[in-house]
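# Examining the three-dimensional arrangement
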Amino acid sequence: MVRFILAPMVLLLMAAAPLKPAGLPVAPPAPPIIIAHRGASAERPEHTLAAYERAIEQGADFIEPDLVATKDHQLVARHENEISGTTDIASRPEFAARKATKTIDGETFTGWFTEDFTLAELKTLRARERLPQLRPGNTAFDGKFEIPTLAEIIALAKSATARTGRAIGIYPETKHPGYFRALGLPLEPVLLAALAQAGWTTAAAPVFIQSFEVDNLKALKSLTGVRLIQLMGAAGKSADGYDYAALAAPAGLKNVSQYAAGIGPDKAMIIPRAADGRLGTPTSLVADAHAAGLQVHPYTFRPENYFLPECLKSGSDPREPGDVDAEIRAYLATGIDGLFSDSTAAAVRALAPPASTAPSADRANPARN
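Residues numbered from 1 in each chain as written. Predicted model: local features only at pLDDT ≥ 70, side-chain atom pairs only at ≥ 80, totals over all residues. Heavy atoms only, no water.

Counting its secondary structure elements, the protein contains eleven helices and 13 strands. Taking all 369 residues of the protein together, 53% fall into the buried category. In the structure as shown, the protein presents an accessible area of about 15,000 Å², 56% of it carried by carbon and sulfur atoms. (Helix = DSSP H or I, 4+ residues; strand = E, 2+ residues; numbered from the N terminus. Buried < 20%, exposed > 50% of the residue type's maximum accessible area, 1.4 Å probe, protein only. Areas by Shrake-Rupley, 256 points an atom, 1.4 Å probe, with all protein chains shown as cover.)

Right, dumping it as structure tokens:
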């Protein structure tokens, strides 16, 4: 179990600028990194080059592709390998016969799966908004963008680095690595080959590899020098059988530090929601992780009312934006080292120092990255 800090404290969001409660670590000296969760996915369909480009324009430090395999063992960016919700596959009669039902990490899904298509076939599809009921504005971009490959995402990051003078990195997630390994389509060797071709093989590279599974990260530790991140769900176990609560305990974090540079916990593991839907009392997870030498990059900050604590909603419409900036500031006060956000713009605003104490809040300044 994640241990809770027992000292009384005022809720972080009672003031416009959240206070740092006694006993919590101070924020890191360098600005926490902004990880564009699937790109600027609050503004463009996720996992498209347009979403990544938008996030870079707004000041993201890293762009995040979820990686899945094709039939011909290429890596593409999709939230899941089942793609009926993120592409126009269901309307393509030439692929109707490939609809299937599969069990992935213990769950049953029916639809179309990337591993049943070659890259050339997937490139004929077009991306669509995954959450049209919450992000209707993004549907204006349906049909405009392809499914990007890992190679295209790396090329985008490198060209953006050259253009902006900022180091734009990638933060790939290996999705269902055990499942793909069992199919004979392991994700890791293809990913490592692409990173090596890019010259990214050490901890100095602008790369983090993340996974909800444990064993593949342990194996990667001996194969690459790039930084690894152990993702953690707020409950349950990984697909390879590791209990997330045990991983998040001090002893578990010490074990994680033997193979990973940090953790990517569900943000509720840092500040849980109280019974009334507001942000509750922070746990000791950030302090415990730092004590083990681990960075902490929680996920995911989203701007819509639907995802926000009660005190930060702007009204009853779940689609409308609330005060996600204040939510991010509350988490920054716990000392996190980075964060995953669907809105890069909100994260940049939340990280900006008050205008009265700093001449500029421009994250595009190379000195800040």
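So much for the structure itself; the text now carries on.
Here is a general trend for soluble globular proteins: nonpolar side chains tend to be buried in one another's company. One finds Ile170 and Leu195 to be the most contacted residues of the largest nonpolar core, which totals 83 residues. Beyond its immediate sequence surroundings of up to four residues, Ile170 is in contact with Phe62, Ile63, Leu150, Ile153, Ile154, Ala157, Leu195, Trp200, Pro206, Val207 and Phe208. Residues Ile33, Phe62, Tyr299 and Phe340 belong to the second largest nonpolar core, which totals nine residues. (Core = buried A, V, L, I, M, F, W, Y, C linked by side-chain atoms within 4.5 Å. Contact = heavy atoms within 4.5 Å.)

Tracing the sequence through the fold places Pro31 in the segment before strand E1 (33–36). Through-space distance from the C-alpha of Pro31 to that of Leu351 is 7.3 Å; in sequence the pair is 320 residues apart.

To continue, consider the pairing of strand E5 (residues 100–104). Note: E5 against strand E6 (residues 107–111), five bridges, orientation antiparallel. By the bridge assignment for E6, Thr101 is matched with Thr110. The loop that links E5 with its antiparallel partner E6 comprises two residues; one of these, Asp105, has a positive phi angle of about 50°. (Pairing = 2+ DSSP bridges.)

Before going further, it helps to spend a moment on helix H1 (residues 49–58). Because each turn of an α-helix spans 3.6 residues, side chains separated by three or four positions in sequence point in the same direction. For H1, the complete set of buried residues consists of Ala50, Ala51, Tyr52, Ala55, Ile56 and Gln58. For H1, the secondary structure elements touched by its buried residues are E1, strand E2 (62–63), strand E4 (75–77), helix H3 (150–164) and helix H11 (344–351). Directly beyond the C-terminal end of H1, a positive phi value near 115° is found at Gly59.

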